[in-house]
Amino acid sequence: AFLLESDAGPRDWTVRGPFCEGWPVYHTIHDGSTGTIYAAAASEWLGAAVWRSKDLGETWTLSSEGIGYPEDSGRKVSKVSTIAARNGRVLVGVEAPGIFESKDGGESWALKTTLSGQPGSEVWDDPANQPPGHLGLSAIIDDPERKEHWWAIVQGIGLYETTDDGATWTPRNRGLRADWPREHEEVGFCVHSVAHAADRTRMYQQNHVGMHRSDD
């Protein structure tokens, strides 16, 4: 992880780092409500964990307590790949696909959901596709106005929405271009990124076959 800082311009930049003791870092965010920086990290030698800094990178703390599936589940966490944080609550997406939650600012974690039973879950739950199969959870997109409303991207499968804080999910991929056969009508897309317009009336998506937008 590196931090790039600028003046108010921003014209001139300075770089600080590397941080996180050289761990590969897949995603970093700054939680403006608490001032904490979070970094999603994973090492082939050391495992998967979240680094956090409460002083803009001067010091860092590592936390992995609770980030792991039960030994008898047949699932393994090989990578923490994405983070979302707001008002002290932190969500992390991992590979094999799942979401862990922290309610104490990233000190400890608990499994929140694996999106079990969703169309496409038979693909990422297949032992042949377990890590390092790279069917991980690559993004969490939150709704700043409703804590219980957010979206998640499963690599190679598609975008899912929850309106009850992860208890239930609905695929949100209708209308995406697909030039290949799919077992399910609404999943089977390699979604890379999803973002809101500034006024939050429209969403944009980029995937393997181009850019798409949603007005609903």
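Structure: above.
An account of the accompanying structure is given in this report. Position numbers for residues count from 1 along each chain, tracking the sequence in the order it is written. Reporting in this predicted model follows two pLDDT cut-offs: at least 70 for local features of residues, and 80 or more for side-chain atom pairs to be given and counted; totals over whole chains, interfaces and linings ignore these cut-offs and use all residues. In computing side-chain properties, one takes all heavy atoms of the structure into account and sets aside hydrogens as well as water.

Right, let's talk about a nonpolar patch on the surface for a bit. To count toward a patch, a residue needs a relative accessible area over 30% and no salt bridge; like charges are then connected within 9 Å, while nonpolar side chains (Val, Leu, Ile, Met, Phe, Trp, Tyr) are connected within 5 Å. Accessible areas in this description were obtained via Shrake-Rupley with a 1.4 Å probe; residue shielding takes into account the shown protein chains only. Here, a salt bridge means any side-chain nitrogen of Lys or Arg that lies within 4 Å of a carboxyl oxygen of Asp or Glu. Where nonpolar side chains cluster on the molecular surface, the patch consists of Phe2, Leu4, Trp13 and Val15 and spans about 460 Å² of accessible area. Each residue is assigned to one of three classes by its accessible area relative to the maximum for its type, calculated with a 1.4 Å probe on protein chains only: buried under 20%, partly exposed between the two thresholds, exposed over 50%. What makes Val15 exposed here is its relative accessible area of 54%.

For Ser81, the position within the fold is in strand S7 (residues 79-86). Whenever two N or O atoms come within 3.5 Å, that pair is a polar contact, provided that in protein one can donate a hydrogen and the other can accept it, and provided that, for residues adjacent in sequence, both atoms are side-chain atoms. Polar contacts involving the side chain of Ser81 include one to the main-chain carbonyl oxygen of Leu137, which spans 2.5 Å. If near-sequence neighbours (up to four positions away) are discounted, Ser81 is found in contact with Tyr26, His27, Ala40, Gly93, Val94, Leu137 and Ser138. Labels follow the DSSP assignment, with helices taken as runs of H or I lasting at least four residues and strands as runs of E lasting at least two, numbered in each case from the N terminus. Here, residues are in contact when the closest pair of their heavy atoms is within 4.5 Å.

Criterion used throughout: strands pair if DSSP finds at least two bridges between them. If you trace the four strands from one edge of the open sheet to the other, you get S11-S12-S13-S14, paired in antiparallel fashion. Unpaired on one side and paired on the other, strand S11 (137-142) and strand S14 (170-171) mark the two borders of the sheet. Sheet topology places strand S12 (residues 150-154) next to strand S13 (residues 158-162); five bridges connect them, and they run antiparallel. Across the sheet, the residue bridging to Val154 is Gly158, located in S13.

Think of a 1 Å grid over the protein atoms and nothing else: a 1.4 Å probe that fits but is trapped marks a cavity, an open set flanked by protein within 12 Å on at least five of seven lines marks a pocket, and residues with an atom within 4 Å of a point count as lining. Grid points are joined across faces, edges and corners, and a volume is the space filled by probe spheres set on the points. A volume near 540 Å³ is recorded for the largest pocket. In terms of lining residues, the largest pocket is bounded by 23 residues, among which Trp151, Arg172, Met203, Ser214 and Asp216 are the most central. Tallied by class, the residues present in the lining of the largest pocket amount to six nonpolar, eight polar and nine charged. Throughout this entry, Asp, Glu, Lys and Arg are counted as charged residues, while Ala, Val, Leu, Ile, Met, Phe, Trp, Tyr, Cys and Pro are counted as nonpolar. The remaining residues, Gly among them, count as polar.

Here we have four strands laid out as an open sheet, ordered S7-S8-S9-S10, and antiparallel in their pairing. Every other strand in the sheet has two partners, leaving S7 and strand S10 (110-113) as the edge strands with one partner each. Geometrically, the sheet is characterised by an average inter-axis angle of 30° between neighbouring strands, direction not taken into account. Across seven bridges, the pairing between S7 and strand S8 (residues 89-95) is antiparallel. Note on geometry: axes are lines fitted to C-alpha atoms, helical ones only across the stretch in contact, with angles between N-to-C directions running from 0 to 180 degrees.

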